Amino acid sequence: MSDFTFSTLEYQRPDFAAVGSFAEQMAERMKQAGSYEELKALMKESEEASKDFSTMCVIASIRNTLDTRDEFYEKEQEYIDEQTPLITPKFLAMDAALLNSPFRADIEKEYGKQYFVQKELEKKIFCEANIPLMQQEAKLTNEYQKMMATAEIPFDGKTLNLYGVQKYFEHEDRSIRAAAVKAYSDFYHKNEERLEEIWDELIKIRNEMGRNLGYENFIPVGYMQQGRTDYGQKEVESFREQVLTEIVPLCEKLYEAQRKRLGIDTLKFYDESRVFADGNAVPAGDDDFMVEQARKMYHEISPETGEFIDFMIEHELMDLKNKPGKASTGYMTYLARYQSPFVFSCFNQTIFDMQVLTHELGHAFAGYMAMRHQPVMEYYSESTDIAEIHSMSMEQFSYPYAEQFFGEDADKFRFAHLQEAMTFVPFGVAVDEFQHICYANPSLTPKERTLEWKKLEEKYMPWRKYDADDFFDRGGYWYHKLHIYLYPFYYINYTLTTMGAMEFKKKNYEDHAAAWEDYLKLCKCGGSMSYLETLRHANVHNPFEAGSVKNAISVAKDELFASKYMKED
Ligand code: ZN
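A few points on the structure. Bear in mind that the values here come from a model prediction, so they are computed numbers and not experimental data.

**Re the pattern of salt bridges**
Thought 1: In the structure shown here, the tally under the stated rule is 50 salt bridges.
Thought 2: A salt bridge links Asp 52 to Arg 337; the shortest N-O distance between them is 2.7 Å. A residue pair is termed long-range when its members are at least 10 positions apart, and Asp 52 in helix α2 (residues 36-66) and Arg 337 in the loop between β4 (331-335) and β5 (340-344) qualify at 285 residues.
Thought 3: Judged by relative accessible area, which is 39%, Asp 52 ranks as partly exposed.
Thought 4: Across the pair Glu 196 and Lys 447 runs a salt bridge whose closest N-O atoms are separated by 2.6 Å.

What follows is the structure in structure tokens.
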């Protein structure tokens, strides 16, 4: 098993019927276990089976994205998608056997109480009455996703998708930037009616789900879907308040300095992505060069990351170059049977490629460590409010190595990256607050909702000026945010984890060895603890406590203001 490479792994279609009856029988056998030792052996047996099963599903999914024209894996993926919901109740029956086991206390003693927390949550957010609502919800979110994926935007003599047109937001010619933003805005404006309807229906459906589960609306269910067990709306609200007082004024100063750098009277929305008058940092070499620099960097950071990157390269666990037929996406996943992360991306020869080599590989490193330090598969991955600390902190750990990737553009890379990390946060909390407003006030009309977004922009992004774009100017910008439609209440995670990453940045400057030790603790612990417990375990502050945002961003703030790019000529 140790000498495999991804491309030579043999795929076999998972036998869903066999897996289903195995799970059914296993649930019975678990119920009948006469001792904890017997039950533990059954848990191990079921884990080994699910490692094989999930690994086959993941291989099919990776190969389907590696070449979307390959009909074989397309069919396999369709088959897996179709079969999975049918065997889910059988897996839930196994969970129920464990939840109700007379040996539950023994399991908790050995693996910690977190073992049942997730299983309890899954039980709590499921009820028969919600099944048809979940199906309607999936239909609507698929429709939104399809509208976005098939967008055709005529621009620059070409037909571009939403991703393609956004590249022009950085263009050196201001009128081209303005025209690109207008073309982007026009796409949403043209689809406004249907986008309003989909969102209206989603709010109704999700609130009904919440009521079916005994709540006033969807909000508490959304929090549970995110795996949150030790914080709620009140804490999130106080965090948004800290962002408003600490980060919004900082961002205003950053954009004012950018306005001066660009030499313009007013910084418009279409100028926000043009960080420097003479353009962004560009990689100092081709794709292979970037990967080789990453290999060197990970060997310098620590022995653990050195071993990890060699493992990734040796077993072909990274597919990063853009190729015909590849899905235009990026992700990290893992092959449990091989204790192997896998990273997928499409390099585009911009600073984005560095992001892949640090952010996605940060996720992968965390998975690599958790798979080697956690006793059960349930703990191999963690909730996303922890996972993004792994990835965003690795981005920060890479700063001292930027010269290797960008040569004389290294300072530009670091400045633009850090500015983006800060300016993202107010937008992120606005997206979160917007969702709370919509679910808590279902009687708002679609136009009133969009006006609410406009008010949030005025509150959290007071620098924002859309110029002559009436649609964005009356609040239409929120429609582009896929998470609002697809992943309710997910978005706040990115802003909470930014604080964790900034803390690691600070610690890394003060004492690299101590910072790295805490980071390893965070990665090794995987999903074995709750959110606040994980933070405590890794010596990271609770972002909800008063003063924590100010403290977390202090070093980032100093670094930005000390930069030559903030100095006036
Ligand atoms: Zn991530």
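Now that the structure has been shown, the text picks up again.
**Things to note about the sheet that holds β4**
Thought 1: With mixed pairing, the three strands of this open sheet are ordered in space as β3-β5-β4. Looking at strand neighbours, the two that pair on one side only are β3 (318-319) and β4, the edges of this open sheet.
Thought 2: Judged from the two bridges that link them, β3 and β5 form a sheet pairing that is parallel. Paired with Asp 319 across the strands is Phe 344, a residue of β5.
Thought 3: Here helix α15 (residues 351-373) sits on the sheet and contacts β3, β4 and β5; the angle it forms with β5, its principal contact strand, is near 170 degrees.

**Notes on the packing of aromatic side chains**
Thought 1: Inspection of every chain in the model, using the stated rule, returns 68 aromatic pairs.
Thought 2: Between the aromatic rings of Phe 6 and Phe 342, the centroid separation amounts to 4.7 Å while the plane-to-plane angle is 50 degrees, which identifies the pairing as tilted. Here Phe 342 lies in strand β5 and Phe 6 lies in the segment before α1 (16-32), a separation of 336 residues in the sequence.
Thought 3: Phe 342 gets classed as buried once you look at its relative accessible area, which sits at 1%.
Thought 4: A cation over an aromatic ring shows up here: Arg 13 above the ring of Tyr 79, its NZ or CZ 3.8 Å from the ring centre.
Thought 5: In this arrangement the basic side chain of Arg 372 is found over the ring face of Phe 311, its NZ or CZ atom lying 5.0 Å from the centre.

**Quick word on the side chain of Arg 414**
Thought 1: Here Arg 414 lies in helix α18 (residues 410-440).
Thought 2: A residue is classified by how much of its surface remains accessible, and Arg 414, at 14% relative accessible area, is buried.
Thought 3: There is a polar contact of 2.9 Å between the side chain of Arg 414 and the side chain of Asp 411.
Thought 4: Residues in contact with Arg 414, not counting those within four places in the same chain, are Tyr 399, Pro 400, Ala 402 and Glu 403.

**Notes on empty space enclosed by the protein**
Thought 1: Within this structure, the stated rule accounts for two cavities of 30 Å³ or more.
Thought 2: Each pocket or cavity is described by its volume, and for the largest cavity that value is around 50 Å³.
Thought 3: For the largest cavity, the full set of lining residues is Ile 389, Leu 496, Met 499, Gly 500, Glu 503, Tyr 531, Leu 535, Val 540, His 541 and Pro 543.
Thought 4: Going through the elements one at a time, α22 (492-510) and α24 (531-537) are the ones with two or more residues in the lining of the largest cavity.

**Observations concerning the nonpolar core**
As a rule of thumb, nonpolar side chains are buried together in soluble globular proteins.
Thought 1: Counting 169 residues, the largest nonpolar core has Trp 199, Leu 361, Trp 453 and Tyr 485 as its most contacted members.
Thought 2: Membership of the second largest hydrophobic core comes to 20 residues, among which are Ala 33, Tyr 36, Leu 42 and Met 94.

**Points about the coordination of the zinc ion**
Thought 1: With distances of 2.1 to 2.6 Å, the protein atoms coordinating the zinc ion are His 359 (NE2), His 363 (NE2), Glu 388 (OE) and Glu 388 (OE).
Thought 2: The motif formed by the donor residues of the zinc ion, counted along the single chain, is H-x3-H-x24-E. Note that His 363 is positioned in helix α15 and Glu 388 in helix α16 (residues 384-397), a separation of 25 residues in sequence. Of the two residues examined, His 363 and Glu 388, each falls in the buried class.

**Overview of unusual backbone geometry**
Thought 1: Even without being a glycine, Glu 316 presents a positive backbone phi close to 55 degrees.
Thought 2: With respect to the helices, strands and loops of the structure, Glu 316 is situated in the loop between α14 (303-314) and β3.
Thought 3: Phi at Phe 489 takes a positive value of approximately 60 degrees, unusual for a residue other than glycine.

**Digging into the packing of α14 against α15**
When two helices pack together, their arrangement is given by the angle between the helix axes and the distance between those axes.
Thought 1: With their axes 11 Å apart at the nearest point, α14 and α15 run at an angle of 100 degrees to one another. Judged by the inter-axis angle, α14 sits roughly perpendicular to α15. Note on element contacts: α15 touches α14 through Leu 361, Ala 364, Phe 365, Tyr 368, Met 369 and Arg 372, opposite Glu 304, Thr 305, Glu 307, Phe 308, Ile 309, Phe 311 and Met 312.
Thought 2: Classifying every residue of the contact of α14 with α15 gives nine nonpolar, one polar and three charged.

**Observations concerning the environment of Tyr 79**
Thought 1: With respect to the helices, strands and loops of the structure, Tyr 79 is situated in helix α3 (residues 71-99).
Thought 2: When the C-alpha atoms of Tyr 79 and His 436 are compared, they prove to be 37 Å apart, with 357 residues separating the residues in sequence.
Thought 3: Setting aside anything within four residues of it in sequence, one finds Tyr 79 in contact with Arg 13, Pro 14 and Phe 16.

**What to know about the pairing of β4**
Thought 1: With five bridges joining them, β4 and β5 adopt antiparallel strand pairing. Bridge assignment links Tyr 331 to a residue of β5, and that residue is Phe 344.
Thought 2: As consecutive antiparallel partners, β4 and β5 are separated by four residues, and within that stretch Gln 339 has a phi angle of approximately 50 degrees, a positive value.

**Description of the packing of α16 against helix α23 (residues 512-524)**
Thought 1: Taken N-terminus to C-terminus, the directions of α16 and α23 make an angle of 150 degrees; their axes are 10 Å apart at the nearest point. When the axes of α16 and α23 are compared, the pair comes out roughly antiparallel. The chirality of how α16 crosses α23 is left-handed. Residues Ile 386, Ile 389, His 390, Ser 393, Met 394 and Phe 397 of α16 pack against Ala 515, Trp 516, Tyr 519, Leu 522 and Cys 523 of α23.
Thought 2: Residue composition of the contact of α16 with α23, by class: nine nonpolar, two polar and no charged.

**Here's the deal with the layout of surface pockets**
Thought 1: Looking at the second largest pocket, its volume works out to about 380 Å³.
Thought 2: Going through the elements one at a time, α2 and α3 are the ones with two or more residues in the lining of the second largest pocket.
Thought 3: Grouping the constituent residues of the lining of the second largest pocket by class yields two nonpolar, seven polar and three charged.

Cut-offs and rules
- Residues numbered from 1 in each chain as written.
- Predicted model: local features only at pLDDT ≥ 70, side-chain atom pairs only at ≥ 80, totals over all residues.
- Heavy atoms only, no water.
- Salt bridge = Lys/Arg side-chain N within 4 Å of Asp/Glu carboxyl O.
- Helix = DSSP H or I, 4+ residues; strand = E, 2+ residues; numbered from the N terminus.
- Buried < 20%, exposed > 50% of the residue type's maximum accessible area, 1.4 Å probe, protein only.
- Pairing = 2+ DSSP bridges.
- Contact = heavy atoms within 4.5 Å.
- Axes fitted to C-alpha atoms, helices over the stretch in contact; angles between N-to-C directions.
- Phe/Tyr/Trp six-rings, centres within 6.5 Å; stacked < 30°, edge-to-face > 60°.
- Lys NZ or Arg CZ within 6 Å of the ring centre and 35° of its normal.
- Polar contact = N/O pair within 3.5 Å; in protein donor to acceptor, adjacent residues only side chain to side chain.
- 1 Å grid on protein atoms, 1.4 Å probe; cavity = no way out; pocket = protein on both sides within 12 Å on 5 of 7 lines; lining within 4 Å.
- Points joined across faces, edges and corners; volume = space filled by probe spheres on them.
- Core = buried A, V, L, I, M, F, W, Y, C linked by side-chain atoms within 4.5 Å.
- Donors = N, O, S within 2.8 Å, 3.2 Å for Na, K, Ca; no water.
- Parallel < 35°, antiparallel > 145°, perpendicular 65-115°, else oblique.
- Nonpolar A, V, L, I, M, F, W, Y, C, P; charged D, E, K, R; others polar.
- Left-handed = near helix turned anticlockwise from the far one by under 90°.

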